[in-house]
Structures are given as structure tokens and as C-alpha cells.
Amino acid sequence: MSRRVVRQSKFRHVFGQAAKADQAYEDIRVSKVTWDSSFCAVNPKFLAIIVEAGGGGAFIVLPLAKTGRVDKNYPVVTGHTAPVLDIDWCPHNDNIIASASDDTTVMVWQIPDYTPMRNITEPIITLEGHSKRVGILSWHPTVRNVLLSAGGDNVIIIWNVGTGEVILSLEDIHPDVIHSACWNSNGSLLATTCKDKTLRVIDPRKGQVVAERFAAHEGMRPMRAVFTRQGHIFTTGFTRMSQRELGLWDPNNFEEPVALQEMDTSNGVLLPFYDPDSSIVYLCGKGDSSIRYFEITDEPPFVHYLNTFSSKEPQRGIGFMPKRGLDVSKCEIARFYKLHERKCEPIIMTVPRKVRGQERCWAGIGGRREMMNRPGTLTLILLSPDLPQSDLFQDDLYPDTPGPEPALEAEEWLSGQDADPVLISLRDGYVPPKHRELRVTKRNILDVRPPSGPRHSQSATDAPLAQHTLETLLEEIKALREQVQAQEQRITALENMLCELVDGTD
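Residues numbered from 1 in each chain as written. Predicted model: local features only at pLDDT ≥ 70, side-chain atom pairs only at ≥ 80, totals over all residues. Heavy atoms only, no water.

1. Points about the pairing of strand S20 (residues 224-227)
Next, step 1: Of the two faces of S20, the one lined by Arg224 and Val226 and the one lined by Ala225 and Phe227 are each fully buried.
Next, step 2: Judged from the 4 bridges that link them, S20 and strand S21 (residues 233-238) form a sheet pairing that is antiparallel. If you follow Val226 over to S21, its bridge partner there is Phe234.
Next, step 3: Hairpin connection from S20 to S21: 5 residues lie between these consecutive antiparallel strands, with Gly231 at a positive phi of about 95°. (Buried < 20%, exposed > 50% of the residue type's maximum accessible area, 1.4 Å probe, protein only. Helix = DSSP H or I, 4+ residues; strand = E, 2+ residues; numbered from the N terminus. Pairing = 2+ DSSP bridges.)

Okay, here's the thing in C-alpha cells:
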């Protein structure tokens, strides 16, 4: 009699759970634009969601702690003249976010730690270089202030946001619309998918295609691709019969896939979210009501199905929290922010922990400890809120992860240098700073807000105007103060006259 051998994995029992109703974000008018992006971006401080807006494009930025119903007059970030198609937080500054729009521009915004009183309408910088809509944004994972944008003009532009300059432009590589673009772990290579059904690996600094595979998925629907920590490329797409499919590819040998699996029949494009620390990839389809997740290993069949989180409502979009924003005291290994039609719901992925030997379970009820003896069994640990966090840290679940510090400056990367991300430990948890200043070796446009006026691209040649602009602003402030004082005197005089008239009528 043969016995089935169960694969050993610490992530085999990962389960998803929706947050309680009071931890969701209610009454948010999520954008209805037809575009295959996530419509949501999140970091350890803020949640950003693309929303409906009349006469242009907008997105709302909420502090993570601001759960519950969102006031209909809550300030939004608005400046684009057409719908916003994609947003992405800077990995090296939790207050900086970039937005791409149908109006062909990319805007970079600085979000204050306090709640603004009115809409944010002035970006720090506007990047103009595309001739058609811009639908893809991706910050460089290790280099300060380097941002990738891809547009409907089939061009990928890499910007130095600190100066507003185009540092690289990949114009003759893609013959059709670009569906996705992803950096590898150190940002030395790009993986792109295109409407011509070709998966490409590109060296952006040389402007060359290192490897390519035609029809990685034979269907005509859009593909998505992400790099794995092993250097492989994980893809999602469609078969010729419109079945959804996932694949794993070795860029050094594109002839045959490492793994290729058919999934189901649906029209929704599968968006892959990859966690390099656990090597788990989560597949979220727009219009689906489920999240499937797989573990990628070096053992056949290489892509191992783990489980599926299912709910009743379909998702309009989804945000993926970076590892440093998770609660390590609860064995949380991933957190999603699922967009419904009128709300955003957190979904928490957790690894249940077990103990052997003395079988007991600590359960936190109202902050108290209660011990439940269960002889002869393995028991789950339900983590109590009053246990010290350091005692609960699981080293095997939380290796050092990329932190907010960049490894290189833009000039160093352009000269040919590569560097792995600067890692931090999550043993004591991660506390985002109140306000993070950008440290640069030369003047950085993100440190100084531009003067109000017509929208235009910034460049390093604006530096000599800084002193003149400051003097002009100071003069305007002085004139406004004098005008306010004169008006106050006028108001006081009118009030005195009114009092005299009232006294006379009495």
C-alpha cells in the first residue's frame, strides 16, 4: 500500500482572513476606468486609492489608522487633466508618491504627515516626455529617485526625479503597447510584456534585449511578469482557448518553461504580487472574488499551489503592503487591501505556529492570558497582546528585508554600478519616521516645492532661479501682511461706526 508523501513547507498552512468591519475604509468611490492596474498603493504610513473625479483624475491618500467611513469632502490629490491610471509609492520615502495619467504626464507628490485641509493640487514635479497615455509606473528598488514610466507610445522612460531629467529612453524595443514592466531585485534588468505576445528581458543601461520569448502564453489577452529571487521570471497569461495560465521561466534558457500550469477560464487579468522573503506569489484577478497563492521552490513541480482565499464580493483592484509594514507579532506574512465598489477591505495572510512537547495554547482574551491544556496534540498559538514582542518573533518567517534606505545614487547606477537592497531586521518591528528628508549630493527638486504657475517639466537649469524665487515670495508675503493689516483696521473702523449707529437708534 503506497502512502502519499506530503511536501514539507512552513507556508503550507498559510490562511487569509478579512479584517473586521471597523478596520475597513468605507464610502470610497473607486475609479471605474477600464485599465488593468491595481488602482491601489500602500506603504507603512499611507493608503492611496484612485477614485472617481469630475473634470480630471484624482486619488485619495489616507493614513492607515483612518479606518471607518471616509467623509465625502475628504481632500484628494488632484492635478491631472485626465483619469489617473497608476500610482506607486517611493520605496525610499514613505511620503513620496508618483501618479500616471491618460493626460500623458507623470506627477510626483509629497504627502504631508498631517491631514490637509483642502485638495493637494500642486505636484512637486511634473514629468513630460510621453506622447500618449502613461499607464505603468515602477520605482527603482535600490537607487534613489529613479522612476520608470511606460506609455501607450510603446516607450519606456527612466527618470531622475531629483532633477526631472530623462536619463534613459527605450524607444525602439517594443513594437506595440507595453502591458507590464518589472525590475529585478537589484534593478540591473527589466522584464517586460507586450501586446506582441513577447516576454523580454532588457538591460536598460545598454538599451538592449538580453533575452526574449515569443508567445510565453499563446492567448491574445495581456500578460504579466515578475522576477523571482532565484532570477527566474514568473508570468501570468492566457492560453489559445482563453484559459488563464501561469508560467515560470529561466531567462538563460527560454526554449522550455520551468513550469506551466493551466488554471481556469475567466476574462480577468491575473496580477501577480511576489514576496521574495517567502518566495510566495499571490495571484489576484480583477473581477475575481479570490486570491490564489503559490510557493516557488527549486523542487519539481517548482510552482506549488498553497491555498485560495475566497470572499463573496469581486475585487476592483488590490494593494500589497511591503514587508516592513506587517505586524510580525501576529505571524502576518502578507497584507492586501481589496477594493470593492465603495470600500477598501484589508485581508491578512497569516502562518499559524505550532508547539511540540508541552502541549498548551496561550489565548489572548481582552489582554489576559488563559492556558488551555490539550494533552497529546499539537496546538495553535494564538498570540496574546500582552506578551513581549521579542519573544514572539519568528526568525524563519522574517529574514532581513529591504528597508527604506537606497543603496546607490542615480549617477552611480548610470555609471554601471549595481547593489543589492539595503536590508533591515524586523525583530523590533518597523516604525516609519514622521517625516523623511531626502538626502542627496546635489540640489533635489523633492526638497523644495516649485513656485505656483503653469505646469512644466523641471530641470537642473532651474537652480540659479531659486534665490530670486525666494526673494519674490518673501516680498509677496510682506505685501499680503500689510494688506491684511489694512483690512483689519478698516473692519475695526466699520464696526465702530455700526456701534455708534445702533446706540443712536436706541
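2. Brief notes about the packing of aromatic side chains
Next, step 1: Going through the model one piece at a time under the given rule, you end up with 13 aromatic pairs.
Next, step 2: Plain terms: the ring middles of Phe294 and Tyr305 are 5.6 Å apart, the flat faces sit at 65° to each other, and that makes the pair edge-to-face. A residue pair is termed long-range when its members are at least 10 positions apart, and Phe294 in strand S26 (residues 290-296) and Tyr305 in strand S27 (residues 303-310) qualify at 11 residues.
Next, step 3: Three or more aromatic residues joined by ring pairs form one cluster here, namely Phe273, Tyr282, Tyr293, Phe320 and Phe336. (Phe/Tyr/Trp six-rings, centres within 6.5 Å; stacked < 30°, edge-to-face > 60°.)

3. Details of the side chain of Asp94
Next, step 1: Within the fold, Asp94 resides in the loop between strand S8 (84-89) and strand S9 (96-101).
Next, step 2: Here Asp94 falls in the buried class, since its relative accessible area comes to 4%.
Next, step 3: A distance of 3.1 Å separates a polar atom in the side chain of Asp94 from a polar atom in the side chain of Arg324.
Next, step 4: Ignoring sequence-local partners within four residues, the contact set of Asp94 consists of Asn43, Pro44, Lys45, Phe46, Trp89, Arg324, Tyr430 and Pro432. (Polar contact = N/O pair within 3.5 Å; in protein donor to acceptor, adjacent residues only side chain to side chain. Contact = heavy atoms within 4.5 Å.)

4. Focus on the sheet that holds strand S18 (residues 198-203)
Next, step 1: The antiparallel open sheet is built from 4 strands, whose spatial order is S16-S17-S18-S19. Only two strands of the sheet have a single partner each, and these edge strands are strand S16 (178-183) and strand S19 (208-214). In this sheet, adjacent strand axes meet at a mean angle of 20° when their direction is disregarded.
Next, step 2: Where strand S17 (residues 190-194) and S18 come together, 4 bridges link them in antiparallel fashion. What sits directly across from Thr192, in S18, is Arg200. (Axes fitted to C-alpha atoms, helices over the stretch in contact; angles between N-to-C directions.)

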